Amino acid sequence: MPPTTLLPFTTPGISRKSVNNSSVLINRPAFRLTEKFLLLLVFSGFITLCFGAIFFLPDSSKLLSGVFFHSQPASLSGSAPKLDGRELEADKLHRIREDHEKALREAKDTLQKPLDEIKQDIKEQKEKVAQDSASKREGAPRLPNVVFRKPVGATGREPTDPETRERQAKIKEMMKHAWENYKRHAWGSNELKPLSKKHHSSSLFGNIQGATIVDALDTLYIMGMHDEFNEAKEWIEKNLDFNVHAEVSVFEVNIRFVGGLLSAYYLSGEEVFRTKAVELGEKLLPAFNTPTGIPWALLNIKSGIGRNWPWASGGSSILAEFGTLHLEFMHLSQLSGNPVFAEKMMNIRKVLNRLDKPQGLYPNYLNPNSGQWGQHHVSVGGLGDSFYEYLLKAWLMSDKTDEEARKMYYDAVQAIETHLIRKSNGGLKYIAEWKGGLLEHKMGHLTCFAGGMFALGADGAPEERSGHHMELAAEIARTCHESYDRSATKLGPEAFRFDGGVEAIATRQNEKYYILRPEVIETHMYMWRLTHDPKYRQWGWEAVQALEKTCRVAAGYSGIRDVYSNQPTHDDVQQSFFLAETLKYLYLMFSDDDLLPLDHWIFNSEAHPLPIIRKDRQPVEKKSE
C-alpha cells in the first residue's frame, strides 16, 4: 500500500462523479471533507505565521534581504564606512536634530517678514495646491504653475459726484433684477425667457449650458456683487461641462465662454476659471483642421468634426467669426504655456496677407479649402464688424508691439473711409455696405460699435490723422444716437437706412426690432472715457430710462419687436449679452476712469476685459517648480 498522501483533495483513479461510491471509499484510504478542511486551516495558519514573522519582526527588510536574496543592504555611497547599530541610531538622531533646527530657522525667518509678504506667501501656496488639484480633475488640462498678479483697475472707487453715484446704483439694481430672475427661473440654462418665466436655449451653444452665468461673471465682479459672483463660480466648478456631444458656434463660444472665463480669472485669480478656459480652448482647436487653417464656423466639440453655415457663400467661413479669436487665443497661450493657440492666429494673418483685397477692403466670406474670397460683400456691421475691432485691439493688447496688426487696421480704416463712409443730406455720417462695387445705404445697429473703435484707435493713427479719427468717431456716435432718438421708444432698430428720403430710420419690418443690443452704448462709453464730454453720459442715461420703461418686465428684461410702436410687444428673451455688455458699459460710463482703465485693459467683442500683455513682463509670472 503506498503511503497516504497529505491533504488528499483528490484520489487517483476516482472522478468527482464517483466520489459517493461506497465500495471505493471502503477500499481506498481517504479523509472526510471535514478533516480536509481542518488540515487546510492548520496549514494556512502555519504559513501565515511564518510569513508574518518575516514581515513584522523589527528591521524586516534586512531579514528579507538576508533570507531570500542573500545580499547585503546597499550603502548610500560605495566608499561609505559600514556602521554598527549604535552608530546608525546616532546618525538617525543627528539627522532629526538637523531637520528640526532647519524648521526653526525657517519659522524664525518667516516671522521676521512683513505681514503682507507672509500673506502673499500663504496665498501662493494655496494657489499651487488649487492648481495641482485642478490639474488632476478628469479632463482638466495640465497647466504650468503661475503666481497670480491682479492687473491695475480690477476694482474701482465709488463716484464722488452724487448724481453719478445715484445713476451707477440704478444700473447695479438693473443687474440685480436681471440676475435674480435668471437665477429664479432659468438657473443653469443658457438664457431666460422673462415673460414665460422659463429657460431659453440657443443652438449657438449646442448642449453647453450656463451662458448667462459665464457671460455675467465679470459684470458681477466689477459691480461688487460678490455673493452672486461666488454662487456663479460654484456652479461653474460643479456643472460647467464641455464633454458634451454638441455642435457649437466657434465664434460665439469663444467670445462668451472663453472670454468670460479668462476675464473672471484675471479679475479674481480663481484657478477654476483659467482651467476651464484652457480646457474649452483646446476643444475648439479641431476647428482649424482645414487645408488653409481658416477655422470652420461650426464644430462638434465631441467628435471634432467641423463645417460652415450652409447659407454662407459657397461654404465659406465668415470674416467676423474667424477674425474674432485673436485676443482670447493669445491669452490662452499666455496662461497655458502652449504656443499652439497663438500659432493658429498668426496663420490666419498669413492667409489674409497673401490675398488681394478688392479696393483695399476685406470681403465677408473666405473659403477655408481654397483660401479664396467668396462673394464680394463688405460690411463693418454683421459678418465683418469685429474683425476690424480685433485688428486694433490686437495691437493695443500687445502693448503696441504688434506692428502687423497696426498696419492692417489703419489700412482697412482708410479703405472703409474711402469706399463705405458717406454723409446724408441731413449731415449724418454713416457706414454703408459694399456689394460687388455697389453701395447699400444701410447701417446696422452692430455697426455702431465703430464709433468707439475709431475713438480708441485715434491716438495711434498717423499724427496728421489722429484728430480726424476722433471727429469721425464723434460723427458715428451722433448718427447712432439719432437712430435711437427718432424712434417712439428711444431705442434703436436692428438696421436703419439713408435712402428714399429717410435718414437713420428702419423702413423694413424685419429691421425694426431691438434685442437689448449694446453697440450704441458701447460707443457712448468710449466717447465719454476719451473726451469727458457730458453729452455722452446723458445719452447713456436716456438709454437707461428707455430700457426701464420699455424692456423691463416683472421677471427680467426682454427685447421688443418694433421700436417705433408706442405699445411694442416683447420677444421674451433676456440675452446673455445684456448682462455681459449692455449693463457693463452703462456701469462703466457712470464710474470713475480708474475702474478698468483703457490703458491697462482691452475689452473683447463681448465686453469681457482682458489685460494688456506688457512687453517688459508677462501678465502672470511662472513659478519655479
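Shown above is the structure to which this text applies.
First, a word on scope: everything that follows refers to the structure included in this document. Since the structure is predicted, the reported quantities are computational estimates derived from the model, not experimental observations. Residue positions are counted from 1 within each chain, in the order its sequence is given. It should be noted that, the model being predicted, local features are given only for residues of pLDDT at least 70 and side-chain atom pairs only at 80 or more, the latter also being counted only at that level, while totals for whole chains, interfaces and linings use all residues. The side-chain quantities take in all heavy atoms of the structure and omit both hydrogens and water.

## A few points about the overall build of the protein chain
What the protein chain contains, in helices and strands, is 20 helices and 20 strands. Across the 625 residues in the protein chain, those meeting the buried criterion constitute 53%. Throughout, a contact is declared for two residues whenever any of their heavy atoms are within 4.5 Å. Across the protein chain, every contact between residues at least 6 apart in sequence was considered, and the portion connecting residues at least 24 apart equals 68%. Of the roughly 30000 Å² that the protein chain leaves accessible, carbon and sulfur atoms contribute 53%. Only DSSP runs of H or I covering at least 4 residues are called helices, and only runs of E covering at least 2 are called strands; the numbering of each starts at the N terminus. Accessibility here uses a 1.4 Å probe with only protein chains present; expressed as a share of the type maximum, an area under 20% marks a residue as buried, one over 50% as exposed, and anything in between as partly exposed. Per-residue and other accessible areas were derived by the Shrake-Rupley procedure at a 1.4 Å probe size, with only the shown protein chains allowed to occlude residues.

## Some remarks on the environment of S487
In this structure, S487 sits in the loop between α17 (463-485) and β15 (495-497). Among the residues examined, S487 registers a relative accessible area of 3% and is labelled buried. Note: C-alpha distance between S487 and A504 (17 residues apart in sequence) is 9.6 Å. Beyond its immediate chain neighbours, meaning those up to four positions away, S487 contacts V563 and Y564. From its side chain, S487 meets the backbone oxygen of L491 in a polar contact 2.7 Å long. Here a polar contact means two N or O atoms within 3.5 Å. Within protein one must be a hydrogen donor candidate and the other an acceptor candidate, and residues neighboring in sequence count only if both atoms are side-chain atoms.

## Details of the packing of helix α19 (residues 534-551) against helix α20 (residues 576-589)
Fitting a line to C-alpha atoms yields each axis, with helices limited to the stretch in contact; the angle taken between N-to-C directions then spans 0 to 180 degrees. At a minimum axis distance of 9 Å, the contact between α19 and α20 shows a crossing angle of 135°. The angle between the axes of α19 and α20 places the two elements in the oblique class. Seen from above, α19 lies across α20 with left-handed handedness. Contacts between α19 and α20 pair Y536, R537, G540, V544 and L547 from the former with F578, T582, L586 and M589 from the latter. Three classes are used, and their members are as follows: Ala, Val, Leu, Ile, Met, Phe, Trp, Tyr, Cys and Pro are nonpolar, Asp, Glu, Lys and Arg are charged, and the others, Gly among them, are polar. Split into classes, the residues belonging to the contact of α19 with α20 amount to six nonpolar, two polar and one charged. Roughly parallel here means an angle under 35 degrees, roughly antiparallel means over 145, roughly perpendicular means 65 to 115, and every remaining angle is called oblique. Crossing chirality is assigned from the near helix's rotation relative to the far helix, an anticlockwise turn below a right angle marking it left-handed and a clockwise turn marking it right-handed.

## As for the state of the cysteines
Cysteine sulfur atoms that come within 2.5 Å of each other are treated as a disulfide pair. Scanning all chains against the criterion turns up one disulfide. Residue C448 pairs covalently with C480 via a disulfide, S to S 2.0 Å. Judged by the sign of its S-S torsion, about -95°, the cystine formed by C448 and C480 is left-handed. Separated by 32 residues along the polypeptide, C448 in the loop between β14 (442-444) and α16 (450-458) and C480 in helix α17 bring together distant segments of the chain. Both residues of the pair, C448 and C480, belong to the buried class.

## Some points on the sheet that holds strand β13 (residues 438-440)
The pairing criterion for strands is at least two bridges between them, as found by DSSP. Strand order in this open sheet of three strands is β9-β12-β13, and the pairing throughout is antiparallel. Of all the strands in the sheet, the pair left with one neighbour each is β9 (377-378) and β13. Sheet topology note: the strand β12 (residues 433-435)/β13 ladder contains three bridges and is antiparallel. Bridge pairing in β13 places K435 opposite L438.

## Here's the deal with the pattern of salt bridges
We count a salt bridge whenever a side-chain nitrogen from Lys or Arg sits within 4 Å of a carboxyl oxygen from Asp or Glu. Enumeration according to the criterion identifies 36 salt bridges in this entry. Measuring nitrogen to oxygen at the nearest pair gives 2.6 Å for the salt bridge that ties K183 to E231. Of the two residues, K183 sits in helix α6 (residues 162-186) while E231 sits in helix α8 (residues 226-239), which places them 48 residues apart along the sequence. We classify K183 as partly exposed; its relative accessible area is 38%. Taken together, the salt bridges that share partners define one network made up of K170, E173, E548 and R552.

## Examining the side chain of R256
Inspection of the secondary structure puts R256 in helix α9 (residues 250-268). Given the relative accessible area of 5%, R256 is considered buried. Here R256 is in contact with E191, L204, F205, V214, D215, S576, F577, E606 and H608, once residues within four sequence places are set aside.

## Topic: the nonpolar core
Side chains of a nonpolar character, in soluble globular proteins, are inclined to be buried together. I236, Y388, I431 and F454 are the most contacted members of the largest nonpolar core, which totals 158 residues. Ranked by the residues each element gives to this core, the list is headed by α9, at 12 residues. Among buried residues, the Ala, Val, Leu, Ile, Met, Phe, Trp, Tyr and Cys ones that are joined through side-chain atoms within 4.5 Å form a nonpolar core. Listed in part, the six residues of the second largest apolar core include A297, L298, A312 and I318.

## A look at α17
For a helix, the expected span equals 1.5 Å multiplied by the number of residues minus one. Compared with an ideal rise of 1.5 Å per residue, which puts 23 residues at 33 Å, α17 spans 34 Å between its outermost C-alpha atoms and is within 8% of the ideal. For α17, the full list of buried residues reads H469, L472, A473, I476, A477, T479, C480, H481, E482, S483 and Y484.

## Details of the packing of α16 against α17
At a minimum axis distance of 8 Å, the contact between α16 and α17 shows a crossing angle of 160°. Relative to α17, α16 is oriented roughly antiparallel. The handedness of the crossing between α16 and α17 comes out as left-handed. Along the contact surface, α16 presents G451, F454, A455 and A458, while α17 presents S466, H469, M470, L472, A473 and I476. Tallied by class, the residues present in the contact of α16 with α17 amount to seven nonpolar, three polar and no charged.

## Notes on the packing of aromatic side chains
Geometry of aromatic contacts follows a simple scheme: Phe, Tyr and Trp rings, the Trp one being its six-membered ring, pair when their centres are within 6.5 Å, and the pair is stacked under 30 degrees between planes, edge-to-face over 60, tilted otherwise. Here the structure, examined in full by the defined rule, presents 24 aromatic pairs. Residues F148 and Y265 carry aromatic rings whose centres are separated by 5.4 Å and whose planes lie at 70° to one another, so their mutual orientation is edge-to-face. Here Y265 lies in helix α9 and F148 lies in the loop between β1 (146-147) and α6, a separation of 117 residues in the sequence. You can call F148 buried: its relative accessible area is 5%. One aromatic cluster in this structure is built from Y362, W373, F387 and Y388.

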